[in-house]
Amino acid sequence: MKNIYLVGFMGTGKSAVGRELAKKQKSRFIDLDELIELKEQRSITDIFAREGEAYFRRLESRVLKEVAKEKNFVVGCGGGIVLNKNNIKTMKDTGIVICLSAKPEVILKRVCGCTHRPLLNVDNPKERIGLLLKLRSPYYALADKTIDTSRLSIKEVTSKILKLLPGKKKQVTR
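Residues numbered from 1 in each chain as written. Predicted model: local features only at pLDDT ≥ 70, side-chain atom pairs only at ≥ 80, totals over all residues. Heavy atoms only, no water.

## Overview of the sheet that holds strand 4 (residues 95-101)
Part 1 of the reasoning: Spatial ordering of the open sheet is given by 2-3-1-4-5, a layout of 5 strands whose pairing is parallel. In this open sheet, the two edge strands, each paired with only one partner strand, are strand 2 (28-31) and strand 5 (145-148). The sheet shows a mean angle of 20° between the axes of neighbouring strands, taken without regard to direction.
Part 2 of the reasoning: Relative to strand 3 (residues 73-76), strand 2 runs parallel, the two sharing 4 bridges. Bridged to Asp31 within strand 3 is Gly76.
Part 3 of the reasoning: Lying over the sheet, helix 5 (residues 85-94) contacts strand 1 (3-7) and strand 4, oriented at roughly 120° with respect to strand 4.
Part 4 of the reasoning: Set on the sheet, helix 8 (residues 154-164) makes contact with strand 1, strand 4 and strand 5; between it and strand 5 the angle comes to about 160°. (Pairing = 2+ DSSP bridges. Helix = DSSP H or I, 4+ residues; strand = E, 2+ residues; numbered from the N terminus. Axes fitted to C-alpha atoms, helices over the stretch in contact; angles between N-to-C directions. Contact = heavy atoms within 4.5 Å.)

## Brief notes about the packing of aromatic side chains
Part 1 of the reasoning: Inspection of the entire model under this criterion finds 1 aromatic pair.
Part 2 of the reasoning: For the pair Phe48 and Phe56, a centre-to-centre distance of 5.1 Å together with 45° between the ring planes defines the contact as tilted. For the pair Phe48 and Phe56, one class covers both residues: buried. (Phe/Tyr/Trp six-rings, centres within 6.5 Å; stacked < 30°, edge-to-face > 60°. Buried < 20%, exposed > 50% of the residue type's maximum accessible area, 1.4 Å probe, protein only.)

## Some details on the packing of helix 2 (residues 32-40) against helix 4 (residues 53-68)
Part 1 of the reasoning: Relative orientation of the contacting elements helix 2 and helix 4 amounts to 105°, with a least axis distance of 10 Å. As far as their axial angle goes, helix 4 and helix 2 are roughly perpendicular. Taking contact as the criterion, the partners of Leu32, Asp33, Leu35, Ile36, Lys39 and Glu40 in helix 2 are, on helix 4, Tyr55, Phe56, Leu59, Glu60, Val63, Leu64, Glu66 and Val67.
Part 2 of the reasoning: In the contact of helix 2 with helix 4, the residues fall into 9 nonpolar, no polar and 5 charged. (Parallel < 35°, antiparallel > 145°, perpendicular 65-115°, else oblique. Nonpolar A, V, L, I, M, F, W, Y, C, P; charged D, E, K, R; others polar.)

## Remarks on the environment of Lys65
Part 1 of the reasoning: You can see Lys65 is positioned in helix 4.
Part 2 of the reasoning: Taking the C-alpha atoms as reference, Lys65 lies 9.8 Å from Asn86; in sequence the two are 21 residues apart.

## Focus on the pattern of salt bridges
Part 1 of the reasoning: Summed over all chains, the structure comprises 13 salt bridges.
Part 2 of the reasoning: Among the salt bridges present, the one from Lys155 reaches Glu20, with a minimum N-O distance of 3.4 Å. Of the two residues, Lys155 sits in helix 8 while Glu20 sits in helix 1 (residues 14-25), which places them 135 residues apart along the sequence.
Part 3 of the reasoning: When its relative accessible area of 12% is taken as the criterion, Glu20 is described as buried.
Part 4 of the reasoning: Measuring nitrogen to oxygen at the nearest pair gives 3.7 Å for the salt bridge that ties Lys103 to Asp148. (Salt bridge = Lys/Arg side-chain N within 4 Å of Asp/Glu carboxyl O.)

Listed below in structure tokens is the structure:
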């Protein structure tokens, strides 16, 4: 089975949904940010602070290429992975790309108080969320499918994804 890549902004549920989806699919889940931290033996926040975002993005692309060589993974990707067109190509060539989205106010509520989110460690995180969403939306739109998680539970999102997968019965849900 090909990989399932979950992309989208932070706080949209990629990790939580990814873990649940992997269980249902009897596949393995990997969080790219966690794998980067493991390989680097330091936090994403530390990588951003010491090396900068460009360095982190290069690491992210390298780790994605490693994971993409495998099959039967559900991959929770960092929110900015889509900024590199080569990353999008890698994901599409080796699996299906599903974007999880949410309204800015829902994202803010979900990530409020999270100190491990370096891009939101600013004076006005709500404004930053709006700006980043606007900048990234054309890239997120390149996903094969998009699901708004704003008003859905983890199980509901997982169920919607399962219905989108090749070979699954197509059902209309409301």
